[in-house]
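Each chain is listed here by its residues.
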Amino acid sequence: MAVSSTQVAGRPTIPWSWYSDPSILALEMERIFRCSWQYAGHLGELQGPGSYFASETGPVPIVITLDADAKLRAFVNVCRHRGAIVAVGAGKRGTLQCPYHAWTYGLDGRLRAAPRGDADPALDTSCMGLVPAAVGTWGPFVFANPDPDAEPLADALGDLPAVVAEHGLDIDALSFNRRVRFEIHANWKIALENFLECYHCPVNHPGLVEVIDERRLRLEAAGLRTSQFAPVHPRSLDGRGPIDANGEVDNGQNHLWFPTMKFNVLPGHPNLSIGPLWPAGTDSCASYLDYWFGESADEQWIDELLEFDTEVGNEDQALVQAAQRGSSAGIIARGWVLGGTETLIGHFQDFVRERLGLDRG
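Draft legend 1. Representation of unusual backbone geometry within the structure. Put simply, F258 and P259 share a cis peptide bond, and its omega is 10°. Assignment of secondary structure puts P259 in the loop between strand 16 (251-257) and strand 17 (261-265). Even without a glycine there, the phi angle at A70 is positive, about 65°. With respect to the helices and strands, the residue A70 is situated in the loop between strand 5 (62-66) and strand 6 (72-76). Judged by its relative accessible area of 48%, A70 is partly exposed.

Draft legend 2. The arrangement of empty space enclosed by the protein in detail. For the structure shown, the criterion picks out two cavities of 30 Å³ or more. If you add up the space inside the largest cavity, you get close to 50 Å³. If you trace the largest cavity, you find it lined by F33, S36, Q38, T57, G58, P59, V60, I62, A144, N145 and P146. Residues belonging to the lining of the largest cavity are distributed by class as follows: six nonpolar, five polar and no charged. What lines the second largest cavity is simply V8, A9, G10, R11, V337, L338, G339, E342, T343 and G346. For the lining of the second largest cavity, a count of residues per class yields four nonpolar, four polar and two charged.

Draft legend 3. The arrangement of the state of the cysteines in detail. One pass over the structure, following the stated rule, counts one disulfide. Of all cysteine sulfurs, the one in C98 lies closest to C79, which takes part in no disulfide; the gap is 3.9 Å. Taking relative accessible area as the criterion, C98 reaches 3% and is therefore assigned buried.

Reading the values: rules and limits
Residues numbered from 1 in each chain as written. Predicted model: local features only at pLDDT ≥ 70, side-chain atom pairs only at ≥ 80, totals over all residues. Heavy atoms only, no water. Helix = DSSP H or I, 4+ residues; strand = E, 2+ residues; numbered from the N terminus. Buried < 20%, exposed > 50% of the residue type's maximum accessible area, 1.4 Å probe, protein only. 1 Å grid on protein atoms, 1.4 Å probe; cavity = no way out; pocket = protein on both sides within 12 Å on 5 of 7 lines; lining within 4 Å. Points joined across faces, edges and corners; volume = space filled by probe spheres on them. Nonpolar A, V, L, I, M, F, W, Y, C, P; charged D, E, K, R; others polar. Disulfide = S-S within 2.5 Å.

Dropping the structure here:
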């Protein structure tokens, strides 16, 4: 297996208590999820000027709006009155109205109406608008950051768009197909660490290792990006694999853009699954993947890929849920990250250490 120059010797993992300790999760919320860019959805969820969609971007509820001025905006999707979620789903209307007490906001975030508010002389509606968040786009993809002063999205993405294009995927030539949601009974970090290595693939993913040649997997880690590249396996070119991998894309690419955006491409016709993952508790997380395909992918091929991807996902869920049970037993303090094959896990754990300011040495 080839690895990049970021390969380091093996080392102990972060403390296993971090996978079940509520105080660690509280720090992660503060220092990672409330100040990081996340995939928030796609432009197709908007219906032109005067529309919005409530994003499922993670622990911080976000609403994306496109006002009559056609300016894309993002706000924390929380009413300034009593904390209810304001927007649900997507729609085309000039305002957002909280379902609790009908406080109404413009798509520019300003509070337009607070029923009976005029009876309260202390209420200053001019400073009670929705809390702004940062927003940006990469092709058809929309990203949001709860920190309105975050670095620009382009800077945070770094070389990821160029790397994706260099490996044969034109994101602007893809069409949205569907969104698939799922829950995992494991800490969010365990779920992502499984995504960051294919050491487990020969034993646990017999179908996957007939689509990609895991023996020639190449790993890279740069800034907020970790990447895995694998050429197509010959079995999936001559009809012996679980999907037909003949097509314009001759290699697989899997990226994790920190903290949690997964970006997956399989060999064959142009295809992509992209989406965030976020903690739902110390021992559970939620996620979704948006599936995109190019024009050459017909319905039969799409159905076969989705069935295959679901099978691999189910295999992974069983693995990470077992790892959650074992690491939470409280008997063993730490595990081990192998040099080489688990290099990307080490890079991810260093990111978590740095953000939390803990366990640095």
